[in-house]
Amino acid sequence: MVSNTKKREASAAKVQVVPTTKEEEKMIKVDKWDGSAVKNALDDVAKKVMTQKLSYVEDHSLMDGRLAISLIACCLAMFAVVWDYLHPFPDSKPVLIICVISYFIMMGVLTLYVQFREKGCFMLALERDPTGVDPDNRWRLRSFIKRYDDVYNLTIIFEDGHTHKTREIHLEKSVASWYDDNGVLLTDLFEPEIVKLHNSLAAEKKEK
Amino acid sequence: MNLDFLDDVKRMNKRQLVYQVLNFGMIVLSALMIWKGLMVVTGSESPIVVVLSGSMEPAFHRGDLLFLTNYNQDPIRVGEIVVFKVDGRDIPIVHRVLKLHERDDGSVKFLTKGDNNAVDDRGLYAPGQLWLEKKDVVGRARGFVPYVGIVTILMNDYPKFKYAVLACLGIFVLIHRE
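> For this particular structure, what's the right way to read the overall build of chain B?
Within chain B one finds four helices and six strands. For chain B, whose C-alpha radius of gyration is 22 Å, the value lies well above the compact-globule estimate of 16 Å for 178 residues. Seen through its principal axes, chain B has C-alpha atoms that stretch 70 × 35 × 30 Å. Buried residues in chain B amount to 37% of all 178 residues.

Right, dumping it as structure tokens:
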């Protein structure tokens with residue numbers, strides 16, 4: 001029995017190795033002077049670590065909220081344009097007034113949503129309980145880079161599914177630690193740092 | 001051709017791609033909504049026009065941007081500069097009111113002439129039309145910004161330039177992540 005499980009683990013490990021090396025061959029190269037591209041590439045790799053290496057499930061509700069608000073705003077505006085096209089100007093005045101005002105209200109809602117609800121959070125990952133009984137633990141990732149600055153700030157916030165207590169851990173490092181001169185992101189240097197942050201946060205949990 | 005700039009796009013998941021398209025849509029629609037909003041506020045179907053000819057020199061030159069309002073409460077008077085459209089023609093004309101006839105109920109018939117023209121505008125009106133009416137008026141000129149409208153004239157004279165600029169802007173917005 002023992003030798004069978006060992007064989008299965010060995011073959012499973014072999015199967016896992018091949019895809020990851022293929023992915024790492026597709027290097028991530030960005031314009032090193034473009035601050036938002038640099039941050040986005042780092043965020044993408046952090047997301048990849050959470051979903052693939054640690055097998056968490058990504059929760060899209062924040063992004064979906066943003067998409068929904070944008071979609072409503074676009075629909076309002078399109079309706080106004082089409083109505084004005086079908087009923088030339090003076091007749092379409094009331095419809096135009098309503099649509100224009102509500103469009104700009106939606107823009108305001110979107111700005112508030114991004115500013116206060118999202119707060120730089122680019123990923124929400126759910127750690128599903130393997131037995132399916134306990135509620136999920138939530139892992140929130142937040143990051144920002146100040147304009148023209150080179151320091152990448154990453155915050156991982158762990159929320160326990162049971163107690164709803166949160167713990168966080170910060171990372172503040174210059175992006176030069178993971179990018180080379182050509183703007184290539186060296187994932188071999190960055191991914192272990194994410195895993196280390198995750199593990200130290202998870203370890204705190206076990207201590208308590 | 002170096003297609004590295006598309007790498008960012010390749011790394012986006014479905015939701016981010018949808019958001020990029022919506023973002024592009026919102027930028028275009030914001031401009032449109034501001035224009036429609038101006039239409040409602042000024043009461044004119046074309047609140048900002050560009051002077052296309054030199055027929056109003058020295059007051060307005062080709063390429064000037066004009067801000068119009070079209071309130072019903074303001075009666076048209078001789079000497080005012082109005083922007084009007086002739087039936088059957090799309091292009092608005094910016095000229096000054098020369099003569100005006102007004103009835104008791106407030107309806108008017110008026111004749112216009114460009115300051116820099118030798119004759120009045122009867123040659124420009126539709127065949128058989130001798131006077132303009134309120135319904136032909138797009139608006140009254142209330143303010144202007146010089147020279148800025150030359151860009152619009154250029155873009156209309158060289159449509160390829162216009163499409164190239166719009167295409168570049170569109171691609172940039174679609175590809176660049178916030």
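> Sorry if this is basic, but what is going on with the packing of helix H3 (residues 61-86) of chain A against helix H2 (residues 14-42) of chain B here?
For any two helices packed against each other, the geometry comes down to the angle between their axes and how far apart the axes lie. The N-to-C vectors of H3(A) and H2(B) enclose an angle of 40°; their axes lie 9 Å apart at closest approach. By the angle class used here, H3(A) and H2(B) are oblique. Relative to H2(B), the crossing made by H3(A) is left-handed. Every residue of H2(B) that contacts H3(A) at Met63(A), Asp64(A), Arg66(A), Leu67(A), Ser70(A), Leu71(A), Cys74(A), Ala77(A), Met78(A), Ala80(A), Val81(A) and Asp84(A) is listed here: Arg15(B), Gln16(B), Val18(B), Tyr19(B), Leu22(B), Gly25(B), Met26(B), Leu29(B), Leu32(B), Met33(B), Lys36(B) and Met39(B). Its residues assigned to classes, the contact of H3(A) with H2(B) comprises 16 nonpolar, three polar and five charged.

> What should I look at first to understand the packing of H3(A) against helix H4 (residues 89-118) of chain A in this one?
All names here are of chain A. Relative orientation of the contacting elements H3 and H4 amounts to 165°, with a least axis distance of 8 Å. In terms of orientation, H3 and H4 fall into the roughly antiparallel class. As H3 runs across H4, the sense of the crossing is left-handed. Split into classes, the residues belonging to the contact of H3 with H4 amount to 20 nonpolar, five polar and four charged.

> Sorry, what's going on with the pairing of strand S4 (residues 137-145) of chain A here?
Moving residue by residue along a regular strand, the side chains alternate between the two faces of the sheet. All names here are of chain A. Where burial is concerned, the two faces of S4 differ: the one with Asn 137, Trp 139, Leu 141, Ser 143 and Ile 145 is buried and the one with Arg 138, Arg 140, Arg 142 and Phe 144 is not. One ladder, built from eight bridges, connects S4 with strand S5 (residues 151-159); its direction is antiparallel. Bridge assignment links Arg 138 to a residue of S5, and that residue is Glu 159. Here S4 folds back onto S5, and the loop between the two strands holds five residues, one of which, Tyr 148, carries a positive phi near 60°.

What counts and what doesn't
Residues numbered from 1 in each chain as written. Chains lettered and ligands numbered in written order. Predicted model: local features only at pLDDT ≥ 70, side-chain atom pairs only at ≥ 80, totals over all residues. Heavy atoms only, no water. Helix = DSSP H or I, 4+ residues; strand = E, 2+ residues; numbered from the N terminus. Rg over C-alpha atoms; globule rule 2.2 N^0.38 Å. Buried < 20%, exposed > 50% of the residue type's maximum accessible area, 1.4 Å probe, protein only. Axes fitted to C-alpha atoms, helices over the stretch in contact; angles between N-to-C directions. Parallel < 35°, antiparallel > 145°, perpendicular 65-115°, else oblique. Left-handed = near helix turned anticlockwise from the far one by under 90°. Contact = heavy atoms within 4.5 Å. Nonpolar A, V, L, I, M, F, W, Y, C, P; charged D, E, K, R; others polar. Pairing = 2+ DSSP bridges.

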